[in-house]
Amino acid sequence: MSLCNTRLQEERKQWRKDHPFGFYAKPVKDSDGSLNLKIWNAGIPGKATTLWQDAVYPINITFPDEYPSKPPKVKFPAGFYHPNVYPSGTICLSILNEEQDWRPAITLKQIVLGVQELLDSPNPDSPAQEPAWKAFSKDRSLYEKKVREQAKKYANADSS
């Protein structure tokens, strides 16, 4: 068995034993019903007392064959409104970038907690989409209005 699959089985075991409240993460099922450990669907709850609260935001995590040497790709749905999320949904976060802060020891739990932290603490020095970045930098009331609208959209999302 590859290092990638061995590590992902261990991540799944650890997640099932202990994961942060309100989060979910699970491998997708292939057409034959078997689990595909390289593709996970997960949900990130917005932190209480933030614009993001009362909603769970869906992400897709795709692990490369070279995992854990290389980081997974983590994406929100396309068009997700956030300064550090590309229009495609790909998340711009240093711990997910092998040229920056990715380390093979980073766990699934650390990844989802890092994404949750990014929601309410955008990095204005690393913009991934112009509309959200501009609003966050120059028109905070517009930014907050758009985030609240998006939170309503995900407030009743099925967390499976």
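Heads up: the structure comes first, above all this text.
A word on the sheet that holds strand β4 (residues 73-75). Pairing within the open sheet is antiparallel, and its four strands lie in the order β1-β2-β3-β4. Edge strands, defined here as strands with exactly one partner in the open sheet, are β1 (24-29) and β4. For this sheet, the mean angle separating the axes of adjacent strands, direction not counted, is 25°. Where β1 and strand β2 (residues 35-45) come together, six bridges link them in antiparallel fashion. Looking at β2, one finds that K29 is bridged to L35.

Axis separation between helix α3 (residues 130-138) and helix α4 (residues 140-155) bottoms out at 6 Å; the angle between their running directions is 130°. Between α3 and α4, the interaxial angle falls into the category oblique. Along its contact with α3, which presents A132, A135, F136 and K138, the element α4 presents R140, L142 and Y143. For the contact of α3 with α4, the per-class residue count stands at five nonpolar, no polar and two charged.

About the criteria used
Residues numbered from 1 in each chain as written. Predicted model: local features only at pLDDT ≥ 70, side-chain atom pairs only at ≥ 80, totals over all residues. Heavy atoms only, no water. Pairing = 2+ DSSP bridges. Helix = DSSP H or I, 4+ residues; strand = E, 2+ residues; numbered from the N terminus. Axes fitted to C-alpha atoms, helices over the stretch in contact; angles between N-to-C directions. Parallel < 35°, antiparallel > 145°, perpendicular 65-115°, else oblique. Contact = heavy atoms within 4.5 Å. Nonpolar A, V, L, I, M, F, W, Y, C, P; charged D, E, K, R; others polar.

Note that all results are geometric; they support no functional claim without further evidence.
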